Amino acid sequence: MQLSHQLSDAELINAFINGHEYAFETLVHRYKDKVYTSIYMLVKDKYLAEDIFQEAFLKIIKTMRQGRYAEQGKFLPWAMRVAHNLCMDHFRRVRQQVPVTLPDGQDIATLIPPADNACEMLEKRQTHASVRELIEALPEEQREVIVLRIYADLSFKEIADMSGVSINTALGRMRYALINLRKMIGEKELVLR
């Protein structure tokens, strides 16, 4: 038998399903950096990223052992999709605020003037809450592209790959998300300073 690092993903998966634990270790070693980095880029927290990484590979193991793995020759995209979905589940559960970086690299917080007193601090907090509420009100596909692009700073190609859509679809979702956000801002007569 070939050395495990020389086997294809499909051969390693088949070996793992047939009881050879080393095969899965090789898959993990082969892709751990890419999967972990994609998780970390979304959650921006080392410990949370490690937890989600472990959860992703436990889910992958369970799926394979149950004979439900059907992504022949496409292990990495499937593993990335599992990890991405777990990250999205996390965001849905905790609705955690993460730093928002605009496409030009500017932090959205810089658009809000520094608070010199309690009144200004309250206004700033309310503005952040309003922006989060608007994003949460978007349709799921639009919300996802906003989170991945602005919150996680992923490129549209990375978003398209993770979401399983074309770049044009990802761009279209962003366009509609921005249109909907502008519309909601107008309807609610919000002033985002």
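Below you will find a few notes about this structure. Throughout this description, residue numbers start from 1 for each chain and increase along the sequence as written. With the structure being a predicted model, the display of local features is reserved for residues of pLDDT at least 70 and the display and counting of side-chain atom pairs for 80 or more, all residues being used for whole-chain, interface and lining totals. Calculation of side-chain values draws on the structure's entire complement of heavy atoms; hydrogens and water are dropped beforehand.

1. Some words on the overall build of the chain
Inclusion rule: The secondary structure listing takes helices from DSSP runs of H or I that are at least 4 residues long and strands from runs of E that are at least 2 residues long, numbered from the N terminus. For every residue, the accessible area (1.4 Å probe, protein chains only) is compared with the maximum for its type, and the residue is labelled buried under 20%, exposed over 50%, or partly exposed between those bounds. Values of accessible area rely on a 1.4 Å probe in the Shrake-Rupley scheme; residue burial ignores everything except the protein chains shown.
The secondary structure content of the chain amounts to 8 helices and 0 strands. Going from the N terminus to the C terminus, the chain shows its helices and strands as α-α-α-α-α-α-α-α. Looking at the chain as a whole, 37% of its 193 residues are labelled buried. For the chain, the accessible surface area stands at approximately 11,600 Å², while carbon and sulfur atoms represent 52% of it.

2. So, the environment of Lys46
Condition: Two residues qualify as a contact provided that any one of their heavy atoms is within 4.5 Å of a heavy atom in the partner residue.
Structurally, Lys46 can be placed in helix H3 (residues 46–65). Overall, Lys46 belongs to the partly exposed group, its relative accessible area being 44%. Here Lys46 is in contact with Tyr36 and Tyr40, once residues within four sequence places are set aside.

3. Description of helix H2 (residues 21–43)
Worth spelling out the cut-off: One axis is fitted to the seven residues ending at the residue and one to the seven starting there. The bend at that residue is the angle between these axes.
Taking the largest bend as the criterion, H2 deviates by roughly 55°, centred on Tyr31. When H2 is considered as a whole, its buried residues turn out to be Ala23, Phe24, Thr26, Leu27, Tyr31, Val35, Ser38, Ile39, Leu42 and Val43. Downstream of H2 by one or two residues, Lys44 has phi in the positive range, about 55°.

4. Considering the environment of Glu25
Secondary-structure assignment places Glu25 in helix H2. As a C-alpha pair, Glu25 and Leu12 span 13 residues in sequence and 9.3 Å in three-dimensional space.

5. So, the pattern of salt bridges
Convention followed: Salt bridges are defined as contacts in which a side-chain nitrogen from Lys or Arg sits within 4 Å of a carboxyl oxygen from Asp or Glu.
Applying the stated criterion across every chain yields a total of 4 salt bridges. In this structure, Arg173 engages Glu141 in a salt bridge whose closest nitrogen and oxygen atoms are separated by 3.2 Å. Linking Arg173 in helix H8 (residues 167–187) with Glu141 in helix H6 (residues 140–151), this pair joins segments that are 32 residues apart in sequence.

6. Some points on the packing of helix H1 (residues 9–17) against H2
Formally: Every axis corresponds to a line fitted to the C-alpha atoms, with the helix fit spanning only the stretch in contact, and the corresponding angles, defined between N-to-C directions, vary from 0 to 180 degrees. Crossing handedness is defined as follows: a turn of the near helix away from the far one that is anticlockwise and smaller than a right angle gives a left-handed crossing, while the clockwise case is right-handed. Here the nonpolar group is Ala, Val, Leu, Ile, Met, Phe, Trp, Tyr, Cys and Pro; Asp, Glu, Lys and Arg are the charged ones; every other residue, Gly included, is treated as polar.
It is at 7 Å that the axes of H1 and H2 come closest, and there the two elements cross at 140°. Like other packed secondary-structure pairs, H1 and H2 cross with a definite hand, here left-handed. Packed against H1, whose contacting residues are Asp9, Leu12, Ile13, Ala15 and Phe16, the element H2 presents Glu21, Tyr22, Ala23, Phe24, Thr26, Leu27, Arg30 and Tyr31 at the interface. The residue inventory of the contact of H1 with H2, partitioned by class, reads 9 nonpolar, 1 polar and 3 charged.

7. Here we look at the packing of H3 against helix H4 (residues 75–94)
Keep this limit in mind: Each angle receives one of four descriptions, namely roughly parallel if under 35 degrees, roughly antiparallel if over 145, roughly perpendicular if within 65 to 115, and oblique otherwise.
Following both chains from N to C, one finds H3 and H4 inclined at 125°, their axes separated by 9 Å at the closest point. With respect to H4, the axis of H3 lies oblique. The two elements H3 and H4 cross, and the hand of that crossing is right-handed. Facing Leu48, Ile52, Glu55, Ala56, Phe57, Lys59, Ile60, Thr63 and Met64 of H3, the residues of H4 in contact are Phe75, Trp78, Ala79, Val82, Ala83, Leu86, Cys87 and His90. Considering only residue class, the contact of H3 with H4 consists of 13 nonpolar, 2 polar and 2 charged.

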